There are 2 protein chains.
Amino acid sequence: MKELGVGIIGFGTVGAGVAQCLLENGDVIARRDGVKLVLKRVADLDITTDRGVKIPDGVLTTNAMEAIEECDIIVELVGGTTIAKTFILEALKRGKPVVTANKALLAKYGEEIFAAAEKTGADVYYEASVGGGIPIIKSLREGFAGNRIRRMYGILNGTCNYILTRMERTGEDFDVVLKDAQKLGYAEANPSLDIDGFDTAHKTAILASLAYGKWFGMDPVYVEGITNVSMNDIRCAASLGYKVKLLAIIKQDAETGKLEIRVHPTLIPVNSMLASVSDVFNAVRVDGDYVGNTLFYGRGAGREATASAVVGDIVDVALNLTDGARQRVPSYNKANLFTELVPMKEIETRCYLRFTVADKPGVLAKITNILATADISISSLIQNETKDEDFATLVMMTHKAKEADIKNAIAEIEKLDDVTSNIKMIRIEDI
Amino acid sequence: MKELGVGIIGFGTVGAGVAQCLLENGDVIARRDGVKLVLKRVADLDITTDRGVKIPDGVLTTNAMEAIEECDIIVELVGGTTIAKTFILEALKRGKPVVTANKALLAKYGEEIFAAAEKTGADVYYEASVGGGIPIIKSLREGFAGNRIRRMYGILNGTCNYILTRMERTGEDFDVVLKDAQKLGYAEANPSLDIDGFDTAHKTAILASLAYGKWFGMDPVYVEGITNVSMNDIRCAASLGYKVKLLAIIKQDAETGKLEIRVHPTLIPVNSMLASVSDVFNAVRVDGDYVGNTLFYGRGAGREATASAVVGDIVDVALNLTDGARQRVPSYNKANLFTELVPMKEIETRCYLRFTVADKPGVLAKITNILATADISISSLIQNETKDEDFATLVMMTHKAKEADIKNAIAEIEKLDDVTSNIKMIRIEDI
């Protein structure tokens, strides 16, 4: 049986999980796939802290270049966009395949990395960068190879989904839940990357790039986080039959080939499968022209689930090596399967609007007039009394309208004396 | 760009879908994966009936051997277990890779076919044999390569799921819904393969074989169809918070390594994701020791969805050919990752029991005594009046008990004068 040496750079949570998986299940892999994966090097600046896994003697090193020089397959789990990039490029320069979970790095420097890989014919695999343990990248670029992708919806960030699910269940406010999530280890001390939507956006950029054959990076991705989603909105949405999720939306118009890529809080019908994705779980819905609607669900993060994806990639890369297949599936493709990107102001969307208005005659008339003038039609409307008897809460769901028209109408309405300035707008997808 | 000739044998619904997909999306495949797939031969005894797809001149043939001789990749879509097997073996003998959707053939003759493939190093891919368009086989044997599989649950037959979903929604009886499903083309004129559970069992055997490294065939699969599921049971289950699904269950005890493989109507909690899989859709839940819980959902049948899976396989096989990789991922593995199969009578399961009993004192006492003596404990109980005032319906949910003990207790209870003979027993999985 062919033996291949695996070098892990970055002995953090995921690194430790990958090492453990290789040590525990290496025999299963050998028996199933006929390749023996030997954990040869684990590199980290800190090799003394206990990570809950016993690494064989002589494997730990503080010198990442040792791992790169000595191993057949290089696993980059350092994270970040600086030294991680250097390690990857050094490995690729030597023609050595790389497995990484680094979505931020790929979103930012994907093209440079893939170009380096192409030069030497080395593989770059990155299943763990999107959707944790869910084999979504493999399914998308291999399983759905025969499809034009029409639409993808993703719940891609466990932290945000945990916060929104818990608000929905307990009625606690965003700040309270966030603090608790930090205590539980579900949110970072600096939670911005998650709650401001950037982590989801990195993953969205990668999915869109794979489906439409251009490495998009972050520029074309519209991003809005969940910090403005209030308990009030979650409650109003529920009463209308919707849940609020931070949703990655990638949509192509089949006629024109125009593409939308965006990440924002979104109202989705409570009976849709995506709406039942709770807590730290992730899910991706993929619609292809042949396969129709599909959904993939699983743990989006965590030591074991991420390790599963990384090890799946290691096996793939190992089989390529033993078979002499180089770049068997292109790291990414330049198929260019779209015409142009739709600027955010031109997208068409239904939306949820929440106003706090003075409880006196004529206010509703003024608001609905402005909307009518902007050609925005209302599909449902609820007006509730507030604790303060001078004010009322007004919630509307609109039919599809152009984003720019909605935004202009909101600006007009905000100018009204009887409307408090904080109008909430959340887009709707009728999945 | 490398060109490869594809030969389709069997120009039925799926064959036509595959031809259409290759013709329509061949350019997308070429741009993404750098391989040009040419539809070179489509063989069928009937090459005159219109299948809604325009096959290029000179491609249609009535001679399957022509397709096998002239093409690089052979797609078997004849179905059945006789001539289809001959075609596959003829292709493999010539070292030509085969893509098939034929679950019945694989379940029955898998070992013979895989041995023939191994001999010449040719690939056999069969994604479309389980779960239609869902890339479940790829995910299982590639994406989850690092995992020991602990459990799989599958809704694998669209016909059964359509019937059960519709009974649940409309309250119509099984026979009525079946007849309508036949009219709509969702069920065959002879529906036995579907409603008696054999189709699901074929697919279950394939999934279990891939996960546990032994080609099981049909023998170890316990099979029970849905013909005995009555509207009454669906209603009672609903009132208890459960839905009835025809479920494939593959379970390994992590401690002992013992394996259960079974297919039967099953009560699952209404709030589980599998319970929300409706109509002709399929879904598979896979639990791995690293990846945790995952779920895959999509169309389990139909021309386009099945074509998606077949074409995904064709691309895989094509990339293997252009890279000179032979049996890169083994057609199946002999990893033997279990200790022994649990005979049905020894499985432990919760179950739902429905009795029609005489509405007089002491009946419940007699029944519960028999259950208590057999060490079967009751978790919930509902007694309802029936239209006939002499009889009552008694519905119980039990805690876990051994199948043989449950069956014996039922036999004892059936002997009671006050119990009509038709006691309904449906197993429960608290997914």
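Residues numbered from 1 in each chain as written. Chains lettered and ligands numbered in written order. Predicted model: local features only at pLDDT ≥ 70, side-chain atom pairs only at ≥ 80, totals over all residues. Heavy atoms only, no water.

**Things to note about the overall build of chain A**
- Summing up its helical and strand segments, chain A has 13 helices and 17 strands in all.
- For 431 residues, the compact-globule estimate of 2.2 N^0.38 gives 22 Å, and the C-alpha radius of gyration of chain A, at 24 Å, lies within 12% of that figure.
- When the backbone C-alpha atoms are referred to their principal axes, chain A occupies close to 80 × 45 × 35 Å.
- Within chain A, the fraction of its 431 residues that count as buried is 61%. (Helix = DSSP H or I, 4+ residues; strand = E, 2+ residues; numbered from the N terminus. Rg over C-alpha atoms; globule rule 2.2 N^0.38 Å. Buried < 20%, exposed > 50% of the residue type's maximum accessible area, 1.4 Å probe, protein only.)

**A word on the relation of the copies chain A and chain B**
- Mapping chain A onto chain B calls for a rotation angle of 180° and an axial translation of 0.0 Å; the resulting RMSD is 0.0 Å. The relationship between the two copies is best expressed as a two-fold rotation axis. Judged by C-alpha distance, Phe296(A) is the residue of chain A that lies nearest the rotation axis, at 2.4 Å.
- A high fraction, 98%, of the interface residues of chain A reappear at the interface in chain B, so the copies pair face to face through one surface. (Least-squares fit on C-alpha atoms with pLDDT ≥ 70 in both. Contact = heavy atoms within 4.5 Å.)

**Description of the pattern of salt bridges**
- In total, this model carries 72 salt bridges over all chains according to the counting rule given.
- The partner of Glu70(B) in a salt bridge is Arg41(B), with the nearest N and O atoms 2.9 Å apart. Of this pair, Glu70(B) sits in helix H2 (residues 64–70) while Arg41(B) is found in strand S2 (residues 35–43), placing the two residues 29 residues apart along the sequence.
- By relative accessible area, which is 33% here, Glu70(B) ends up partly exposed.
- Overlapping salt bridges, with partners in common, bring together Lys138(A), Glu142(A), Asp316(A), Arg328(A), Lys138(B), Glu142(B), Asp316(B) and Arg328(B) in one network. (Salt bridge = Lys/Arg side-chain N within 4 Å of Asp/Glu carboxyl O.)

**Structural notes on the pairing of strand S13 (residues 348–358) of chain B**
Residues and elements named next belong to chain B.
- Taking burial as the measure, the 11 residues of S13 include nine buried ones, the bulk of the element.
- When S13 meets strand S17 (residues 424–428), the two strands line up antiparallel, connected through five bridges. Across the sheet, residue Tyr352 finds its bridge partner in S17, namely Ile426.
- Pairing of S13 with strand S15 (residues 391–398), which is carried by seven bridges, proceeds in the antiparallel orientation. Bridge pairing links Phe355 to Leu394 in S15. (Pairing = 2+ DSSP bridges.)

**Brief notes about the nonpolar core**
- Core analysis: the largest hydrophobic core is formed by 164 residues, its most contacted members being Tyr126(A), Ile163(A), Tyr126(B) and Ile163(B).
- Beyond its immediate chain neighbours, meaning those up to four positions away, Ile163(B) contacts Phe174(B), Val177(B), Leu178(B), Ala181(B), Ile195(B) and Ile226(B).
- If you look at the next biggest cluster of nonpolar residues, it comprises 72 residues, including Tyr290(A), Val329(A), Ile73(B) and Tyr290(B). (Core = buried A, V, L, I, M, F, W, Y, C linked by side-chain atoms within 4.5 Å.)

**Looking at the sheet that holds strand S6 (residues 124–125) of chain A**
Residues and elements named next belong to chain A.
- Spatial strand order, S3-S2-S1-S4-S5-S6: six strands in an open sheet with parallel pairing. Across the chains shown, the open sheet's two edge strands, defined by having one partner strand only, are strand S3 (60–61) and S6.
- Relative to strand S2 (residues 35–43), strand S1 (residues 2–9) runs parallel, the two being bridged by eight bridges. Bridge assignment links Ile9 to a residue of S2, and that residue is Ala43.

**Some points on the sheet that holds strand S5 (residues 98–100) of chain B**
Residue and element names in this part refer to chain B.
- Here we have six strands laid out as an open sheet, ordered S3-S2-S1-S4-S5-S6, and parallel in their pairing. At either margin of the open sheet sits one strand with a lone partner, and together these are strand S3 (60–61) and strand S6 (124–125).
- The strands that helix H1 (residues 13–33) touches are strand S1 (2–9) and S2; relative to S2, the one it contacts most, it runs at about 165°.
- Across the sheet, helix H3 (residues 83–93) lies against S1, strand S4 (73–76), S5 and S6, angled at about 155° from S5, the strand it touches most. (Axes fitted to C-alpha atoms, helices over the stretch in contact; angles between N-to-C directions.)

**Points about the pairing of strand S12 (residues 292–299) of chain A**
- Most of S12(A) is tucked away, with six of its eight residues classed as buried.
- Pairing between strand S11 (residues 281–288) of chain A and S12(A): eight bridges, direction antiparallel. Each residue of the ladder has a partner; that of Asn282(A), found in S12(A), is Gly298(A).
- Joining the antiparallel neighbours S11(A) and S12(A) is a turn of three residues.
- Summarising the sheet, S12(A) and strand S12 (residues 292–299) of chain B pair through five bridges and their orientation is antiparallel. Bridge pairing in S12(B) links Leu295(A) to Tyr297(B).

**As for the packing of aromatic side chains**
- Evaluated as defined, the whole model comprises 19 aromatic pairs over all chains.
- Measuring from centroid to centroid gives 5.6 Å for Phe114(A) and Tyr126(A), while their planes differ by 40°, and the two rings are tilted. Here Phe114(A), found in helix H4 (residues 103–120), pairs with Tyr126(A), found in the loop between S6 and helix H5 (136–143); they are 12 residues apart in sequence, far enough to count as distant.
- Among the residues examined, Phe114(A) registers a relative accessible area of 4% and is labelled buried.
- Taking 5.3 Å as the distance between ring centres and 35° as the angle between the ring planes, the aromatic pair formed by Phe114(B) and Tyr332(B) counts as tilted. Residue Phe114(B) is located in helix H4 (residues 103–120), and its partner Tyr332(B) is located in the loop between helix H11 (303–323) and S13; the two are separated by 218 residues in the primary sequence.
- An aromatic cluster is present here, built from Phe114(A), Tyr126(A), Trp215(A) and Tyr332(A) joined pairwise through their rings.
- It is Lys85(A) that lies over the ring of Tyr109(A); its NZ or CZ is 4.0 Å from the centre.
- Taking NZ or CZ as reference, Arg141(B) lies 5.4 Å from the ring centre of Tyr125(B), over its face. (Phe/Tyr/Trp six-rings, centres within 6.5 Å; stacked < 30°, edge-to-face > 60°. Lys NZ or Arg CZ within 6 Å of the ring centre and 35° of its normal.)

**Digging into a negative patch on the surface**
All names here are of chain A.
- Together, Asp359, Glu385, Asp388, Glu389 and Asp390 give the surface a local cluster of negative charge.
- Inspection of the secondary structure puts Asp388 in the loop between strand S14 (378–385) and strand S15 (391–398).
- Note on Asp388: relative accessible area 39%, which makes it partly exposed. (Patch = residues over 30% accessible without salt bridge, like charges linked within 9 Å, V, L, I, M, F, W, Y side chains within 5 Å. Areas by Shrake-Rupley, 256 points an atom, 1.4 Å probe, with all protein chains shown as cover. Lys, Arg positive; Asp, Glu negative; His and termini not counted. Charge placed at Lys NZ, Arg CZ, Asp CG, Glu CD.)

**Observations concerning H3(B)**
All names here are of chain B.
- Listed in full, the buried residues belonging to H3 are Ala84, Lys85, Phe87, Ile88, Glu90, Ala91 and Leu92.
- Turning to H3, the residues buried within the fold contact S1, H2, S4, S5, H4 and S6.
- The positive-phi residue at the C-terminal boundary of H3 is Gly95, with phi of around 75°.

**Comments concerning the interface of chain A and chain B**
- On the side of chain B, 61 residues touch chain A, which itself brings 62 residues to the contact.
- For the pair chain A and chain B, the summed buried surface comes to about 5,100 Å²; carbon and sulfur atoms form 52% of the total.
- For the chain A face of the interface with chain B, the top three residues by lost area are Arg32(A), Tyr290(A) and Arg328(A), together amounting to 19%.
- Arg148(B) is the partner of Asp27(A) in a salt bridge, and the nearest nitrogen-oxygen pair spans 3.4 Å.
- In this assembly, chain A and chain B are joined by 33 residue pairs in polar contact (both at pLDDT 80 or more).
- Of the residues that constitute the side of chain A that touches chain B, the class distribution is 28 nonpolar, 19 polar and 15 charged. (Buried area = accessible area lost by both parts, 1.4 Å probe. Polar contact = N/O pair within 3.5 Å; in protein donor to acceptor, adjacent residues only side chain to side chain. Nonpolar A, V, L, I, M, F, W, Y, C, P; charged D, E, K, R; others polar.)

**Considerations on the confidence of the model for chain A**
- Per-residue confidence for chain A gives a mean pLDDT of 96, with 100% of residues at or over 70.
- Listed scores for the predicted complex are pTM 0.97 and ipTM 0.96. (pLDDT = per-residue confidence, 0-100.)

**Focus on the side chain of Thr266(A)**
- Along the chain, Thr266(A) falls in strand S10 (residues 259–269).
- Among the polar contacts listed, one links the side chain of Thr266(A) to the backbone oxygen of His264(A), at a separation of 2.7 Å.

**Observations concerning unusual backbone geometry**
Residue and element names in this part refer to chain B.
- With a phi close to 50°, Gln327 is a non-glycine residue in the positive phi region.
- Among the structural elements, Gln327 can be located in the loop between H11 and S13.
- Of the residues examined, Gln327 reaches a relative accessible area of 17% and is grouped as buried.
- In this model, Asn336 sits at a positive phi of 55°, which is unusual for a non-glycine residue.
- Of note, Asn336 is situated in the loop between H11 and S13.

**A look at H4(B)**
All names here are of chain B.
- The terminal C-alpha atoms of H4 lie 22 Å apart, and with 18 residues this falls more than 12% below the ideal 26 Å at 1.5 Å per residue.
- At Tyr109, H4 shows its strongest bend, of approximately 85°.
- Buried within H4 are the following residues: Leu105, Leu106, Ala107, Gly110, Ile113, Phe114, Ala116 and Ala117.
- For H4, the elements touching its buried residues are S4, H3, S5, S6 and helix H9 (198–212).
- Positive phi appears at Gly121, one or two residues downstream of H4, with a value of about 75°. (Expected span 1.5 Å × (residues − 1). Bend = angle between axes of the 7 residues up to and from the residue.)

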